[in-house]
Every structure is written in C-alpha cells, then in structure tokens.
Amino acid sequence: MDRDTYRSLIGRFATGVTVVTTNVGGRLHGMTANAVCSLSLDPLQLLVCVDLGSNCYIQMQNAEVFGVSILSADQEEISNVFAQSTEPTEGSLLGVEHRFGRLGAPLIEDALAHLECRIAERIPGGDHIIVIGDVVAGEVVRDARPLLFYGGRYGRLAD
C-alpha cells in the first residue's frame, strides 16, 4: 500500500483534536495532535505520536512532562496556530491564552479538558516517536461540543 492510500483510509477514522504542550526550561511549545490515545487504566496512561522531524520531537526528547488540552468546536483557530511548524519560545505560547498546570506544562485556556502527564517511555515508531505519559492530573474545564478531524478536515458533532 502506498502512503497516499493509507492516509486516505486512516483519514476515515474520526478523531478529536488536542494541543500537546511542553515546558522545557521556560521554552514553551505546543503542537496540534489527533494521534492521542488512552493507553491504560492501570496505571493511568496515554500515548501521543510525535513526528521525528518536528520541533515538538526535540522538546519531547528533553521534557519530563507534557500537557494535553482537548479542544472544543469553537477553538479551530487555536488548532491552526499549533498545526504550524514553530520553534519553542521563551515564556510565550504563540500568544494563545494558557495557564500552567500542576506539573508546569502550559494548558490551553477554555479547552474542554486538560490532562497532565509525566513521561514514562519513548518508543520509536517509524517516522514518529510514541511518547507514553503517566496521567498525573486532569480536569474537565467546560461542557461544549468537541472539535473533530475527519477526512483531512475539521468537523463537528451534529445535534
């Protein structure tokens, strides 16, 4: 199977949209990610897949913790900001409103929910690295419709 066919097929799997964030020595970074998955209930773990060629990969190699902000349907612009390839910046998260979680990772304001993870393991996975995080803290921030990704486009739940 070729890459384009695979992308077309896997794109039929609807996913939520998140921003995964890191704070390494005050240098903040975020990336839009839909390759985020619950891994285990005992221990509580989730995984995030990170492209080896991305700035987030470099951050994840040096980070001890990361945050996951689950985006709402009205946060498409925020998703677009973090879908761009940008370098980590000192003390700023590309102008997006955030707060710092218990572990020190930035968390996007007004997201649907936040999860805070301590990195447990990094596993090679083709052109990505699979980062497994022990979930240490989390919260529901608000109740709203989620931002979805399907077929290469954003989507929303219908009533």
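Everything below is about the structure printed above this text.
Residues numbered from 1 in each chain as written. Predicted model: local features only at pLDDT ≥ 70, side-chain atom pairs only at ≥ 80, totals over all residues. Heavy atoms only, no water.

Can you break down the overall build of the chain residue by residue, with the values?
If you tally the helices and strands in the chain, you get three helices and 13 strands. Its C-alpha atoms give the chain a radius of gyration of 15 Å, within 12% of the compact-globule value 15 Å for 159 residues. The principal-axis extent of the C-alpha atoms belonging to the chain is close to 40 × 35 × 35 Å. Here the chain holds 159 residues, and 38% of them are scored as buried. Across the chain, every contact between residues at least 6 apart in sequence was considered, and the portion connecting residues at least 24 apart equals 64%. When the accessible surface of the chain is summed, it comes to about 8,800 Å², and 52% of that surface belongs to carbon and sulfur atoms. Across the chain, 12 positive and 20 negative side-chain charges occur, with their mean positions spaced 3 Å apart. (Helix = DSSP H or I, 4+ residues; strand = E, 2+ residues; numbered from the N terminus. Rg over C-alpha atoms; globule rule 2.2 N^0.38 Å. Buried < 20%, exposed > 50% of the residue type's maximum accessible area, 1.4 Å probe, protein only. Contact = heavy atoms within 4.5 Å. Areas by Shrake-Rupley, 256 points an atom, 1.4 Å probe, with all protein chains shown as cover. Lys, Arg positive; Asp, Glu negative; His and termini not counted. Charge placed at Lys NZ, Arg CZ, Asp CG, Glu CD.)

Before we move on, can you summarise the pattern of salt bridges with the specific residues and values?
On inspection of all chains with the given rule, the structure shows three salt bridges. Where Arg 142 meets Asp 74, a salt bridge forms, and the shortest distance between an N and an O atom there is 2.8 Å. With Arg 142 in the loop between strand E11 (128-140) and strand E12 (148-150) and Asp 74 in the loop between strand E6 (65-70) and helix H3 (76-83), the pair connects residues that are 68 residues apart, well separated along the chain. On the accessibility criterion, Arg 142 (27% relative accessible area) is partly exposed. The closest approach of N and O atoms between Arg 99 and Glu 139, which form a salt bridge, is 1.8 Å. Here Glu 139 lies in strand E11 and Arg 99 lies in strand E8 (residues 98-100), a separation of 40 residues in the sequence. Judged by its relative accessible area of 28%, Arg 99 is partly exposed. (Salt bridge = Lys/Arg side-chain N within 4 Å of Asp/Glu carboxyl O.)

By themselves, these figures tell us nothing about what the structure is for.
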